[in-house]
Amino acid sequence: MSAERPRRGAGAVLRRIPPVLAMVLGLIGLWYLAVIPMNVQEVLTRAERAGVEVSPPSAVERRDMGNWALVVRNPGTLGESWSLDRPRLPAPHQVLTELYESTVDEELNGRRGIVRSGSLSNRGLVYHAMVTLNATFVGFLIGTGLGILLAVGIVHSRVMDMSVMPWAIVSQTIPIVALAPMIIVVLYSIGIQGLLPKAVISAYLSFFPVVVGMVKGLRAPGPMQMDLMRTYSAPKGTVFWKLRLPSSVPYLFASLKIAIAASLVGAIVGELPVQQGGLGARMLAGSYYGQTAQIWAALLMAAALAAVLVWAIGRIEARTLRRMGMAQ
Amino acid sequence: MTHAAFALLLWIAGWALNVRLANGPASNTQAARLAVPLIFGATVLGMWELLVRGLGVPAVILPPPSQIAETFTANTALLWRDFVQTILKGALSGYLIGCGAAFLTALLVDRYDYLRRGLLPLGNFMAALPIVGTAPILVMWFGFGWQSKAAVVVLMVFFPMLVNTVAGLQDTSSMQRDLMRTYAASTGQTLMKLRLPSALPFVFNGLKISTTLALIGAIVAEFFGSPTLGLGFRISTSIGQLDLGMVWSAIVVAALAGTASYGLVALLEKRLTFWHASQRGGP
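The rules behind these values
- Residues numbered from 1 in each chain as written.
- Chains lettered and ligands numbered in written order.
- Predicted model: local features only at pLDDT ≥ 70, side-chain atom pairs only at ≥ 80, totals over all residues.
- Heavy atoms only, no water.
- Helix = DSSP H or I, 4+ residues; strand = E, 2+ residues; numbered from the N terminus.
- Rg over C-alpha atoms; globule rule 2.2 N^0.38 Å.
- Buried < 20%, exposed > 50% of the residue type's maximum accessible area, 1.4 Å probe, protein only.
- Contact = heavy atoms within 4.5 Å.
- Areas by Shrake-Rupley, 256 points an atom, 1.4 Å probe, with all protein chains shown as cover.
- Lys, Arg positive; Asp, Glu negative; His and termini not counted.
- Charge placed at Lys NZ, Arg CZ, Asp CG, Glu CD.
- Core = buried A, V, L, I, M, F, W, Y, C linked by side-chain atoms within 4.5 Å.
- Expected span 1.5 Å × (residues − 1).
- Bend = angle between axes of the 7 residues up to and from the residue.
- Buried area = accessible area lost by both parts, 1.4 Å probe.
- Salt bridge = Lys/Arg side-chain N within 4 Å of Asp/Glu carboxyl O.
- Polar contact = N/O pair within 3.5 Å; in protein donor to acceptor, adjacent residues only side chain to side chain.
- Nonpolar A, V, L, I, M, F, W, Y, C, P; charged D, E, K, R; others polar.
- Domains from an automatic or database assignment.
- pLDDT = per-residue confidence, 0-100.

Some details on the overall build of chain B
Then step 1. Along its length, chain B carries 12 helices and 0 strands.
Then step 2. Going from N to C terminus, chain B has its helices and strands arranged as α-α-α-α-α-α-α-α-α-α-α-α.
Then step 3. In terms of overall dimensions, chain B is more spread out than a globule: its C-alpha atoms have a radius of gyration of 24 Å, far above the 19 Å expected for 283 residues.
Then step 4. Dimensions of chain B, computed from C-alpha atoms along their principal axes, come out at roughly 75 × 60 × 30 Å.
Then step 5. Here chain B, with 283 residues, has 45% of them falling under the buried criterion.
Then step 6. Partitioning the intrachain contacts of chain B with sequence separation of at least 6 by distance along the chain shows that 74% fall at a separation of at least 24.
Then step 7. For chain B, the accessible area works out to roughly 14100 Å², and carbon and sulfur atoms hold 70% of it.
Then step 8. A gap of 8 Å separates the mean positions of the 18 positive and 10 negative side-chain charges of chain B.

Quick notes on the nonpolar core
Then step 1. Counting residues in hydrophobic clusters, the biggest one holds 118 residues, and the most contacted among them are Met182(A), Leu207(B) and Val220(B).
Then step 2. Those residues in contact with Leu207(B), other than ones at most four positions away along the chain, are Tyr95(B), Cys99(B), Met161(B) and Val265(B).
Then step 3. In terms of nonpolar packing, the next biggest core, distinct from the first, is built from 10 residues, Ile36(A), Val54(A), Leu70(A) and Val71(A) among them.

A closer look at helix 7 (residues 158-173) of chain A
Then step 1. Its 16 residues give helix 7 of chain A an end-to-end C-alpha distance of 23 Å, which sits within 8% of 22 Å, the value for a rise of 1.5 Å per residue.
Then step 2. Remark: the principal bend of helix 7 of chain A, roughly 30°, maps to Val164(A), with a proline, Pro166(A), within the next four residues.

So, the interface of chain B and chain A
Then step 1. The interface is formed by 51 residues belonging to chain B together with 51 residues belonging to chain A.
Then step 2. Here chain B packs against chain A, burying approximately 4400 Å² in sum over the two surfaces, 83% of which is carbon and sulfur.
Then step 3. For the chain B face of the interface with chain A, the top three residues by lost area are Pro130(B), Met140(B) and Trp141(B), together amounting to 14%.
Then step 4. Applying the counting rule to chain B against chain A returns 0 salt bridges.
Then step 5. Joining chain B to chain A, the criterion identifies 2 residue pairs in polar contact (both at pLDDT 80 or more).
Then step 6. At the level of elements, helix 1 (2-23), helix 2 (30-54), helix 5 (113-128), helix 6 (135-142), helix 9 (187-223), helix 10 (231-240) and helix 11 (244-272) of chain B are the ones that each hand at least two residues to the side of chain B that touches chain A.
Then step 7. Across the side of chain B that touches chain A, the residue classes break down as 38 nonpolar, 11 polar and 2 charged.

As for the domain arrangement of chain B
Then step 1. The domain boundaries assigned to chain B delineate domain 1 (1-50) and domain 2 (75-280).
Then step 2. Taken over C-alpha atoms, the centre of domain 1 of chain B sits 35 Å from the centre of domain 2 of chain B.

Focus: the confidence of the model for chain A
Residue and element names in this part refer to chain A.
Then step 1. Within chain A, residue pLDDT values average 81, and 94% of them lie at 70 or more.
Then step 2. By mean pLDDT, the top-scoring element of chain A is helix 6 (residues 125-156) (91), and the lowest-scoring one is helix 5 (residues 114-117) (72).
Then step 3. A low-confidence stretch, residues 1-8 stays under pLDDT 50, and its non-local contacts, those more than four residues away or across chains, total 2 contacts.

Quick look at the domain arrangement of chain A
Then step 1. Taken domain by domain, chain A comprises domain 1 (1-74) and domain 2 (125-323).
Then step 2. Placing a centre on the C-alpha atoms of domain 1 of chain A and another on those of domain 2 of chain A gives a separation of 36 Å.

Concerning the pattern of salt bridges
Pairing between side chains of opposite charge can happen when the charged atoms of each approach one another.
Then step 1. Tallied over the full model, the rule gives 10 salt bridges over all chains.
Then step 2. Between Glu271(A) and Lys198(A) there is a salt bridge, with the nearest N and O atoms lying 3.4 Å from each other. Residue Glu271(A) is located in the loop between helix 11 (236-270) and helix 12 (279-288), and its partner Lys198(A) is located in helix 9 (residues 195-218); the two are separated by 73 residues in the primary sequence. For the residue pair Glu271(A) and Lys198(A), the accessibility class agrees, reading buried in each case.
Then step 3. Among the ionic pairs, Arg234(B) bridges to Asp82(B), the shortest N-O distance being 2.6 Å. Residue Arg234(B) is located in helix 10, and its partner Asp82(B) is located in helix 4 (residues 76-111); the two are separated by 152 residues in the primary sequence. Of the two residues examined, Arg234(B) and Asp82(B), each falls in the buried class.
Then step 4. Look at the salt bridges and you will find they share partners, linking Asp113(B), Arg116(B) and Arg117(B) into a network.

In C-alpha cells, the structure reads:
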C-alpha cells in the first residue's frame, strides 16, 4: 500500500498538469494580446513624434476613438506595444524583468544590495516582502491564538456561545479594511507603531476562520466517543486533551490555510495608510508615480508569498496528520 | 473613577443576566437566542461609553458611542450620498457583474471536463491571492469614478464565486444522475431540475463570501483615488482631520450595509434551499 502511494500521487499530478498549463499559457497569450489595445494611444503618439504617418492624425481625434478601431487602422505601427517605458499595461516579460531587477539584480549588483552593503536593499522587493511577511506572521499568530482560545471558550461555555458567536459573525460582515487607517492612526497616537498596527489588522482578518473551524472541530467527536469518555468518567480536561483537541486538528489546518491568506491581505492593506515599507506601500508608490511594472511586480511577489505560505501549511498539515495516523 | 466602577458593575450585571438566560429553562427559545447577544452588545456599548468618559480618553483616540451617534444623525445626508456612491454604485454593480459572470463561467466550465481540470486549480489559487492589490492598477485604468471600484469588486468576487459554483455543480450522486437518465432527461433538464438546485447551497456560500469581499474591494479601491465622496474617501479624509466621530459614523454605515446585505443573502438562502440539511434545523 505504502509503496503504491507515491506512484499514484505522481501519476495524478502528471495528469493534472497539462490542462492547467494550457490555461496558464492561454492566459499569458491573452495578456500579450490585451497589451496592444491598452497601450495603443501611447504607441501611436510616439510613432507620430518619430515621423510615421498615423491614421487619424490629430491626438484629440484618437483619444475619442475606440482602442480596437485604432489598432485596426494602424496595423503597421504597433511594434512598440510591448516595450514601452511606462505602459498602461506592461507585457508579462516586462513585469518579469522588473521582478528580476528589483530582487536578484538589486541585491547582487545594486549599491545598497546585500552583497555590497551587507543588508537587504530598501529599494528591492525582497526587503518589502520581508516587512509584509513579518506583519503577516505576527498577525497570524495573534489571530490564530485568539481564535483557538475563543473557540475553546465557546465550546465549553453556553453563555459565550450564545453571546459571542453572533457578534463574531457580524464582525466579519464589517469591511475591516474600513477600520485599517483608523486602527493605525489610533495606535500611533498612543505610541504603538511599526509592526503591531498592521498585525492587528491581519489578526482581525485571520481570527474568524480559525474560530469557525475550531468550533466545528472541537464539536466533531460523535456521541459514541463522548459516551466512551463518560464511561471512563473522564474529567472535562481529559476529554479536551485526549478527544476534542486531536479530532479538531484537520479542521484547524483547513482554517489555517484560509487564515494565512487572509492575514497576508490584512498586512498589505494595513501598509497602505503608512508609507513605511512593505508590498502595500510599494504598490501605492507605484500608482503615484505611474510605475505600472512596479505595481505588477509587487503583485506577483504577493501572489508568490501567498502561494508559498498556503503550500507550507499544506505540507505541515500532511506531515502532522500522517504522524497522528489521520491521513486518508 | 466612579465611571469605571459603574462599567465593572454593568459588565457583571449583563454577564449574570446572560448566564441566567443561557442556562435557564427558556434558553432554547427564539427570544433567548436573540436577547443574549443583544444584551452582550448593549453591555459592551455601555462599558465603552462609561470607560471613555471615566478614564478621560481623548475623543481623537476613541470617541464615546454617544458622540458617534450624534455625528451620525447630524450628517445623515452626507453619509447617504457616500453610501450611494460606494455601496450602491461601486459594490453592488460590481457584485452583480462579478457573481453573474462567475456563475455563467461555472456553467461553461462544468460542461467541459478539460476546462474544469484546468481552471479549477487556477481558480483556487486566485481565490487565495491578495486581489485587493490590483486596486491601484484598476483605478489607473478606469478612472476615479465608481467604475474602477466596480472593476475591483468584479475581480475580487469572481474566483470565490466560480470555485463554489463549480464545486456545487459537481455535487450530485451517481444515483441521482442515473435516475435522470432513466427519465431520458436532456442535459438542459438535468441542469435545471437536478444540478442547479443541488448546487444552490454552494452558490449561496459563494454569494455570502462575496458580499463582504465586495464591500472591502469598493472601500479599499477608494483609498487609491476617488471623487470627493464615498465611504473610503470619507474615512481617509476624516482621519486626516482627526474627526474620529465621522470616521466611526462611516464605519457604522459600512457595517450596517455589510450586515444587511449578508442578512439579505442568508434570508434568500433560507427561502430557496429550505430542503437542505443545514436549513432544516432539528432538535
